[in-house]
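Coordinate inspection notes
Listed below, chain by chain, are the residues.
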Protein chains: 2
Amino acid sequence: MNSELSSLQVKDIGEQGLLERLQRFCPPEIIGDDAAVLETAPGQSLVVTTDVLVDGVHFSNLTTSPEDAGWRAAAANLSDLAAMGASPLGITVGLGLPGEVRVSWVERLYQGMTECLQKYNTSIVGGDIVRSPVTTLAITAFGQVHPSQIIRRSAAVVGDAIVVTGVHGTSHAGLELLLHPELGKNLKDAERTALIRAHQRPQPRLDVLPILWKILASPSPMPNDASCFKSAKPPNALAPQCPMPISGMDSSDGLADAIIQICRASGVGAVLERRQIPVPKTFNHWLTPEQALEYALYGGEDFELVLCLPQKLASALVQHLGEGAAIAGSITAGSTVLLHDEQKKFPDQVLNLSQGFQHFKS
Amino acid sequence: MNSELSSLQVKDIGEQGLLERLQRFCPPEIIGDDAAVLETAPGQSLVVTTDVLVDGVHFSNLTTSPEDAGWRAAAANLSDLAAMGASPLGITVGLGLPGEVRVSWVERLYQGMTECLQKYNTSIVGGDIVRSPVTTLAITAFGQVHPSQIIRRSAAVVGDAIVVTGVHGTSHAGLELLLHPELGKNLKDAERTALIRAHQRPQPRLDVLPILWKILASPSPMPNDASCFKSAKPPNALAPQCPMPISGMDSSDGLADAIIQICRASGVGAVLERRQIPVPKTFNHWLTPEQALEYALYGGEDFELVLCLPQKLASALVQHLGEGAAIAGSITAGSTVLLHDEQKKFPDQVLNLSQGFQHFKS
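Along each chain, residue indices are assigned from 1 in the same order as the chain's sequence is written. Key to labels: chains lettered from A, ligands numbered from 1, both in the order written. The model is predicted, so local features are restricted to residues of pLDDT at least 70 and side-chain atom pairs to those at 80 or more, both for listing and for counting; the totals for chains, interfaces and linings are taken over all residues.

Across its full length, chain A carries 12 helices and 12 strands. Counting across all 362 residues of chain A, residues that qualify as buried make up 51%. For every residue pair, C-beta atoms are placed from the backbone, and the pair is scored as a contact if these atoms sit within 7 Å. Within chain A, contacts between residues separated by at least 24 positions form 81% of all contacts whose residues are at least 6 apart in sequence. The helix count covers DSSP runs of H or I at least four residues long, the strand count covers runs of E at least two residues long, and both are numbered beginning at the N terminus. For the exposure call, what matters is how many other C-beta atoms sit within 10 Å of a residue's own: 20 or more marks it buried, 12 or fewer exposed, and in between partly exposed, using C-beta atoms placed from the backbone.

Below you can see the structure in the form of structure tokens.
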């Protein structure tokens, strides 16, 4: 083996770089979405996603109670299922623990996970506990979806509207308020609590799925291909030859990341309307509009869905979802993701993943 | 919270004690087998199992190459699927890595996992890689099984024969030879290599499943309940009212552990015939019969199957499996697991989990 190659360390290429190198060990059709999809039986696909969380890297007793760490870990995995259109079947929990960890801490962690899972009618179905020098939580979630209803990142088409299912920036705002209690002096107690709560107890948007299937099954939502969806058949009776008109992913790594990933996977560009990106109303009590936008685009962990779909379906979806949901932009030809100001007070700005908070904090 | 309770640490009750306390967070019907079983669709169950492995605790570069560590991790999870009667659909791999780990080490780990999975026509379908102070490998494997073919620990009945699917003690012998090269001077090189190989590259017994289904589908295997199985229908056409006549688990924690666990779960006892427990022929070149028996009963990691089934089915199974497989005993009333010597040179000995190598090494 080449000695230069063999001395290469993980820190030289980063976890993302390593993940890319290891993709050659996976079937190529598996890669590129929030979760893997496996065909298990006619009319049924299994969706699987996994996360590893390490004490001091992904959670900390300083800002997060064990209950909240558990809730957040479960929520992140359920959000990956929602992003694929899948209903949860259960999760497994692998736990590495130093001997000195308190049993009550572990029980509170499980309590938090269970509270989140119960809200979505699912549960912990298996696990493993081992001794480890560092507390480590490995969650695998699995769900099921009808093959015709799988939501992929790669199916966005030019002209699609981009729907965000709720406000963005909330989770990051909550974390900032936890870390810096001196911030947001103008916030009322209830407003502050609501933002912190959004960070501690994010809500995966599994509730959006039945609304999507209802819209898809409703009469004539699609002018271009109405024959596919105009019948009132139940969604699992969708004709297999009809392409799924919805693409998307969750916004766990930020709204900007989600839109850029969808555009990359679909080979398209996008225009986001600066004033159409929904942020919490309370942001204007303590953040400048620029700060609010940065929180929304790059904050992450809001666990909302970012969905690309034909304009008529998008309008129907936003109407059904109510407050917070919005059409935030549209899919364009090319590969650029632009932040546009309809009032033309700001020049168009190209979004990329490397700016984010670096840009904001400098 | 009670202060005595809240100060209780994981090391005070151990991982097993903690696992028992955490079972109240899981649906009760899930607990007690090698893997969890979830009903996903009519005629189909999803089987899920998860393992966490920590560097220095479960694997070590001292005795195990990264390829072998990968193979063994994949094999252990596939063995849990085989123990439930399930065919693998794929595994996810969650990896925690210090930055100083060599990329080539990780690639070799994945190479080993992939080699094992490919042998059983399955693959890595998803994963996560994160920074961690200690190398941690979390594998979740999932498979599918027809609901009528799920192999559980809890279904052994008095009179069942106990079949072991191959020789036992091999993996432990291989590890001893790796750790203490001065042992086994009488072994030929090929014999030594074969034992070490059995430790490094254990073979999960997924190959046993089609043999089981064939035997179950063959005419009149069961004198007591012939109506269930005498037709030549394919196994997935088994009438649902016929109980699955096979119970069992894998022998990953040793043959004694497997039989004791099955007896506990089924509310029965067992008699093992001392001279019917298959060990490798090469054991008599370097181990006393007592040592060989201890290796077989308590060594662990042989990843064979221990199956309890009616005598006629058992005979047919052993005949199909060929060398190594044997009827090692039978299920009895009561709750005692006895080691019996048909030649009466040794008195009956009660097996329990606490003796094992403590007994042997003292």
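To continue, consider unusual backbone geometry. All names here are of chain A. Positive phi, normally seen in glycine, also occurs at Glu-301, with a value near 60°. Inspection of the secondary structure puts Glu-301 in the loop between helix 10 (289–298) and strand 9 (305–309). Residue class for Glu-301 comes out buried when judged on the 21 C-beta atoms lying within 10 Å of it.

This part is about the pairing of strand 4 (residues 124–131) of chain B. Residue and element names in this part refer to chain B. In terms of burial, strand 4 is a largely internal element, 6 of the 8 residues being buried. In this scheme, strands are said to pair when DSSP sees at least two bridges between them. Bridge count between strand 3 (residues 87–97) and strand 4: 7 bridges; the pairing is parallel. Bridge pairing in strand 4 places Thr-92 opposite Gly-126. For the handedness criterion, the β-α-β arrangement of strand 3, helix 4 (residues 103–119) and strand 4 is classed as right-handed. Crossover handedness is defined here as right-handed if the route from the first strand over the helix to the second strand goes clockwise, with the strands pointing away from the viewer.

Moving on: the sheet that holds strand 9 (residues 305–309) of chain B. Residues and elements named next belong to chain B. If you walk across this open sheet you meet the 7 strands as 7-9-6-10-8-11-12, and the pairing is mixed. Strand pairing shows two members of the sheet lacking a second neighbour, strand 7 (247–250) and strand 12 (349–350), which therefore form its edges. For strand 8 (residues 269–273) and strand 10 (residues 326–332), the ladder comprises 4 bridges, and the chain directions are antiparallel. Looking at strand 10, one finds that Gly-269 is bridged to Thr-332. Under this scheme, a helix contributes an axis fitted over its contacting stretch, all axes are lines through C-alpha atoms, and angles between N-to-C directions fall in the 0 to 180 degree range. On the sheet, helix 9 (residues 255–266) packs against strand 6 (161–164), strand 7, strand 8, strand 9 and strand 11 (337–340) and is oriented at approximately 145° with respect to strand 7. With respect to the sheet, helix 11 (residues 311–321) is in contact with strand 6, strand 9 and strand 10, its orientation differing from that of strand 6 by roughly 15°.

Here we take up the domain arrangement of chain A. Residues and elements named next belong to chain A. Marked domain ranges trace back to an automatic or database domain assignment. Split into domains, chain A comes out as domain 1 (10–145) and domain 2 (148–361). Measuring from the centre of the C-alpha atoms in domain 1 to the corresponding centre in domain 2 gives 23 Å. Here the element with the most residues in the side of domain 1 that touches domain 2 is helix 3 (residues 66–84); it accounts for 11 residues. Here the residues of the side of domain 1 that touches domain 2 sort into 10 nonpolar, 7 polar and 5 charged. Each residue gets one of three labels, nonpolar for Ala, Val, Leu, Ile, Met, Phe, Trp, Tyr, Cys and Pro, charged for Asp, Glu, Lys and Arg, and polar for the others, Gly among them.

So, about the relation of the copies chain A and chain B. Of the transformation placing chain A onto chain B, the axial shift is 0.0 Å and the rotation is 180°, giving an RMSD of 0.1 Å. In short, the pair behaves as if placed about a two-fold rotation axis. A share of 100% of interface residues in chain A that are also interface residues in chain B marks the association as one of identical surfaces. When the copies are overlaid, the least-squares fit takes in C-alpha atoms only where the residue has pLDDT of at least 70 in both copies.

Across the contact, 67 residues belong to chain A and 67 residues belong to chain B. Residue assignment for the side of chain A that touches chain B shows that the elements contributing at least two residues are helix 1 (3–6), helix 2 (10–22), strand 1 (36–41), strand 2 (44–54), strand 3 (87–97), helix 4 (103–119), strand 4 (124–131) and strand 5 (136–145) of chain A. Partitioned by chemical class, the residues of the side of chain A that touches chain B number 36 nonpolar, 22 polar and 9 charged.

The subject of this paragraph is the packing of helix 4 of chain A against helix 2 (residues 10–22) of chain B. For any two helices packed against each other, one specifies the crossing angle of their axes together with the interaxial distance. At a minimum axis separation of 10 Å, helix 4 of chain A and helix 2 of chain B run at an interaxial angle of 25°. Judged by the angle between their axes, helix 4 of chain A and helix 2 of chain B are roughly parallel. Crossing angle aside, the handedness with which helix 4 of chain A passes helix 2 of chain B is right-handed. Note on element contacts: helix 2 of chain B touches helix 4 of chain A through B:Val10, B:Ile13, B:Leu18, B:Arg21 and B:Leu22, opposite A:Val103, A:Val106, A:Glu107 and A:Tyr110. Note that the term roughly parallel is reserved for angles under 35 degrees, roughly antiparallel for angles over 145, roughly perpendicular for angles of 65 to 115, and oblique for everything else. Note on convention: the crossing is left-handed when the near helix lies turned anticlockwise from the far helix by less than a right angle, right-handed when the turn is clockwise.

The subject of this paragraph is the sheet that holds strand 6 (residues 161–164) of chain A. Across a sheet, strands are paired by hydrogen bonds formed along the backbone, either parallel or antiparallel in direction. Residues and elements named next belong to chain A. Within the open sheet, the 7 strands sit side by side as 7-9-6-10-8-11-12. Their pairing is mixed. Each edge of the open sheet carries a strand with a single partner, namely strand 7 (247–250) and strand 12 (349–350). Inspection of the sheet shows strand 6 paired to strand 10 (residues 326–332) by 4 bridges, in the antiparallel sense. Residue pairing in the sheet places Val-164 in a bridge with Ala-326 of strand 10. Packed on one face of the sheet, helix 9 (residues 255–266) meets strand 6, strand 7, strand 8 (269–273), strand 9 and strand 11 (337–340) and runs near 145° to strand 7.

Here the focus is helix 9 of chain B. By definition here, a helix of n residues has an expected span of 1.5 Å times n minus one. For helix 9 of chain B, spanning 12 residues, the distance from its first C-alpha to its last is 17 Å, which sits close to the expected 16 Å at 1.5 Å a residue. Looking one or two residues past helix 9 of chain B, B:Gly267 carries a phi angle of roughly 65°, positive in sign.

Let us now look at the environment of A:Asp160. Position of A:Asp160 relative to the elements: it lies in the loop between strand 5 and strand 6. Apart from residues lying up to four places away in sequence, A:Asp160 is in contact with A:Cys308, A:Leu309, A:Pro310, A:Ser330 and A:Ile331.

Summarising the sheet, strand 8 of chain A and strand 11 of chain A pair through 4 bridges and their orientation is parallel. Directly across from A:Ala270, in strand 11 of chain A, lies its bridge partner A:Val337.

Here we take up the environment of B:Val134. With respect to the secondary-structure elements, B:Val134 resides in the loop between strand 4 and strand 5 (136–145). Overall, the presence of 17 C-beta atoms within 10 Å leaves B:Val134 in the partly exposed class. Considering only alpha carbons, one finds B:Val134 and B:Val101, 33 residues apart in sequence, at a separation of 9.6 Å. Residue contacts for B:Val134: discarding those within four places in its chain leaves A:Ser132, A:Pro133, A:Val134, B:Val54, B:Asp55, B:Gly96 and B:Pro98.

So, about the packing of helix 7 (residues 208–217) of chain A against helix 11 (residues 311–321) of chain A. Residue and element names in this part refer to chain A. At a closest axis distance of 10 Å, the pairing of helix 7 and helix 11 adopts a crossing angle of 135°. Comparing the axis directions of helix 7 and helix 11 gives the class oblique. Seen from above, helix 7 lies across helix 11 with right-handed handedness. Mapping the contact onto sequence places Val-208, Ile-211, Leu-212 and Ile-215 in helix 7 and Leu-313, Ala-316, Leu-317, His-320 and Leu-321 in helix 11. For the contact of helix 7 with helix 11, the per-class residue count stands at 8 nonpolar, 1 polar and no charged.

Here we take up helix 3 of chain A. Given a rise of 1.5 Å per residue, 19 residues ought to cover 27 Å, and the 28 Å separating the end C-alpha atoms of helix 3 of chain A matches this to within 8%. Burial analysis of helix 3 of chain A places 19 of its 19 residues in the buried class, which makes it a mostly covered element.

This part covers the confidence of the model for chain A. Residue and element names in this part refer to chain A. Scored by pLDDT, chain A has a mean of 89; 90% of the residues are at 70 or more. Low pLDDT, under 50, characterises residues 221–241; the predicted model gives this stretch 35 contacts beyond four residues in sequence or across chains. What pLDDT reports is the predictor's confidence in each residue, on a scale of 0 through 100. Predicted confidence for residues 357–362 stays below pLDDT 50, and this span has 3 contacts to residues more than four positions away or in other chains. In the predicted assembly, ipTM is 0.87 and pTM is 0.89.

Let us look at the environment of B:Asp253. Along the polypeptide, B:Asp253 turns up in the loop between strand 7 and helix 9. Through-space distance from the C-alpha of B:Asp253 to that of B:Pro243 is 27 Å; in sequence the pair is 10 residues apart.

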